[in-house]
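A look at the structure
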Amino acid sequence: MQIIKINATHPEPLKIRIAANVIRSGGLVAFPTETVYGLGAAVLDAAAVREIFKVKKRPFTDPLIVHIAAKQDYFSLADETSKLAERFMERFWPGPLTLIAKKSSIVPEIVTAGLNTVAIRMPAHKIALSLIKTVGMPVAAPSANLFGRPSPTTAQHVSDDFADKLELIIDGGGTTIGVESTVLDLTAIPPQILRPGGITREEIEETIGGKVTLFSAQKHGNLSGKTSVPSPGMMNTHYAPRAKLIFVEGDCTSVVRKVQKLADSFGQQGKKVVIMAMDESISNYNGFSVRSFGKRDDPKSCAYNLFSVLRSIDKEETDIIIAESVVSDGLGLAVVDRLRKAATAIF
Ligand code: TXA
Ligand code: MG
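Conventions and cut-offs
- Counting from 1, residues in each chain are numbered in the order their sequence is written.
- Lettering for chains starts from A, numbering for ligands starts from 1, and both go in the order in which the items are written.
- Restriction of local features to residues with pLDDT of at least 70 applies here, the model being predicted, together with a cutoff of 80 or more for giving and counting side-chain atom pairs; totals for whole chains, interfaces and linings are based on all residues.
- Where side-chain values are given, they derive from all heavy atoms of the structure, hydrogens and water being excluded.
- Residue ranges for the domains trace back to a domain assignment, done automatically or taken from a database.
- Contacts: residue pairs with any heavy atoms within 4.5 Å of one another.
- Buried area is understood as the total, over both parts, of accessible area removed when two parts are fitted together, assessed with a 1.4 Å probe.
- The working definition used for a salt bridge is a side-chain nitrogen of Lys or Arg within 4 Å of a carboxyl oxygen of Asp or Glu.
- We call two strands paired when DSSP finds no fewer than two bridges between them.
- Counting from the N terminus, the helices are the DSSP runs of H or I reaching at least four residues and the strands are the DSSP runs of E reaching at least two.
- Exposure categories follow from relative accessible area, calculated using a 1.4 Å probe and restricted to protein chains: below 20% of the type maximum is buried, above 50% is exposed, and the middle band is partly exposed.
- UniProt positions are given in the numbering used here, feature names are shortened, and annotations may be inferred rather than shown by experiment.
- Expected span, for any helix, means 1.5 Å times one less than how many residues it has.
- Working definition: rings of Phe, Tyr and Trp (its six-membered ring) pair if their centres are within 6.5 Å, and the pair is stacked with planes under 30 degrees apart, edge-to-face with planes over 60 apart, and tilted otherwise.
- Whether a charge sits over a ring comes down to the Lys NZ or Arg CZ being within 6 Å of the ring centre and within 35 degrees of the ring normal.

1. Focus on the domain arrangement of the chain
We note that the domain assignment places domain 1 (2–180) and domain 2 (244–346) within the chain. When each unit is reduced to the centre of its C-alpha atoms, the spacing between domain 1 and domain 2 is 30 Å. Across the boundary between the two partners, domain 1 contributes 16 residues, which contact 12 residues of domain 2. Of the roughly 1100 Å² buried where domain 1 meets domain 2, counting both sides, 54% is carbon and sulfur surface. Ranking the residues of domain 1 by area buried against domain 2 places Pro150, His157 and Val179 at the top, with a combined share of 40%. Remark: the boundary between domain 1 and domain 2 carries 4 salt bridges.

Here you go:
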């Protein structure tokens with residue numbers, strides 16, 4: 001496996017060509033975007049796309065996003081367009097917004113997991129854009145992590161997950177947003193957010209001039225709000241660290257009280273506990289092991305730190321992570337979504 005450093009603001013054309021050639025000859029390349037790192041293959045190369053699923057250990061039923069470098073490529077991947085889709089492209093591309101549209105016949109079935117829709121996004125990252133342009137066709141790419149693990153925001157995270165299983169990783173430094181793109185289904189009426197992300201619900205509603213629905217896959221688990229000692233391990237998790245993650249929701253005071261109680265109780269059982277807290281409440285947890293992941297009134301900072309904090313706590317061989325909730329405004333909605341999906345129990 002090779003890691004090449006490429007300048008994020010002025011990508012060196014020669015290095016981009018090396019990476020593009022790997023993709024053009026059927027290989028996979030991990031590359032940075034503004035949200036998280038992606039693992040790319042040429043969209044029309046069904047064998048290479050199949051390889052993405054295999055190395056990620058991702059089920060073939062989970063479709064990939066097609067990344068483009070020019071807005072007009074949307075029109076060859078999508079079977080139809082609408083004024084609304086064009087308004088979104090105009091306003092948010094390049095950027096952290098993925099649009100779901102009816103697929104055209106050129107998109108291989110393996111990319112869309114057999115669905116008749118396709119997910120399309122134009123990333124706002126110079127390396128991603130010049131890589132796709134140099135490949136000469138759109139690039140299908142999921143996040144560059146093993147299935148179920150936290151998404152990667154650095155090249156190191158990618159190599160931690162795949163060791164030497166990838167031919168090439170582009171190291172373009174840390175990503176700037178830290179959570180994935182918003183997935184917006186424009187084939188639904190009204191449009192539906194399938195995954196909250198880098199473009200906020202508020203921005204989407206303002207663009208539509210009306211409400212948008214938010215898809216929610218309710219997880220089973222302890223949602224009763226009672227602070228008894230949970231039995232982690234019964235929920236299917238996504239974006240998850242190796243440690244069990246317990247997510248605590250509610251108003252500030254009750255969150256702090258619940259977190260203290262849970263940390264005490266797991267500590268007494270001899271578990272290694274780390275608390276993920278807002279800057280402002282760290283002082284409530286003296287005597288516990290605590291990591292900040294942002295400021296309460298700045299959900300952007302929480303999004304930026306989320307996955308890297310989860311990954312770094314994992315390196316300390318922690319048993320239990322107890323995470324404080326975040327306000328769900330702006331980027332906070334995506335942070336709450338990821339923490340709920342990563343959790344083995346929610347209080
Ligand atoms: O920011 C991002 O979106 C990153 C970077 C690399 O671009 N990519 C990313 O890809 O997060 P991935 O594969 O980890 O997540 C794609 C999401 C999945 O939840 C998938 O189910 C959904 O998009 N998706 C893809 N195609 C879809 C479709 N046709 N209909 C509904 N959902 C779709
Ligand atoms: Mg992913």
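There is more to say, and it comes next.
2. Focus: the sheet that holds strand S5 (residues 97–102)
Pairing in this open sheet of 11 strands is mixed, and the strands run S1-S8-S2-S3-S7-S4-S6-S5-S9-S10-S11 from one edge to the other. Each of the sheet's edge strands pairs with one partner strand only, and the pair in question is strand S1 (2–5) and strand S11 (213–214). Bridge analysis of S1 against strand S8 (residues 168–171) gives 4 bridges, and the strand direction is parallel. If you follow Ile3 over to S8, its bridge partner there is Ile169.

3. Points about the pairing of strand S9 (residues 182–185)
Where burial is concerned, the two faces of S9 agree: the one with Thr182 and Leu184 and the one with Val183 and Asp185 are both buried. Across 4 bridges, S5 lies against S9 in parallel orientation. Across the sheet, residue Thr98 finds its bridge partner in S9, namely Val183. Looking at chain direction, S9 and strand S10 (residues 192–195) are connected through 3 bridges and run antiparallel. Its bridge partner being in S10, Leu184 is matched across the sheet by Ile193. The antiparallel pairing of S9 with S10 creates a hairpin that spans 6 residues between the two strands.

4. Section: the UniProt feature "domain: YrdC-like" (unreviewed entry) in the chain
Residues annotated by UniProt as "domain: YrdC-like" (unreviewed entry) correspond here to residues 13–199. For residues 13–199, helix accounts for 32% and strand for 20%, while the C-alpha atoms at its two ends are 30 Å apart.

5. Remarks on helix H9 (residues 252–268)
End to end, H9 covers 24 Å across 17 residues, agreeing with the expected 24 Å (1.5 Å per residue, within 8%). Ser254, Val255, Val256, Lys258, Val259, Leu262, Ala263, Ser265 and Phe266 are the residues of H9 that are buried. Tucked inside the fold, the buried residues of H9 contact strand S12 (244–248), strand S13 (273–277) and strand S15 (320–324). Residue Gly270 follows H9 closely and has a positive phi angle near 80°.

6. Quick word on the packing of aromatic side chains
Overall, the coordinates contain 5 aromatic pairs when judged by the stated rule. Plain terms: the ring middles of Phe88 and Phe92 are 5.9 Å apart, the flat faces sit at 25° to each other, and that makes the pair stacked. You can see Phe88 and its partner Phe92 sitting in helix H4 (residues 83–92), 4 residues apart, about one turn around the helix. The same class applies to Phe88 and to Phe92, which are both buried. Through a chain of ring-to-ring contacts, the aromatic side chains of Tyr74, Phe75 and Trp93 assemble into a single cluster. Note that Arg338 overlies the ring of Tyr239, its terminal NZ or CZ placed 5.2 Å from the centroid.

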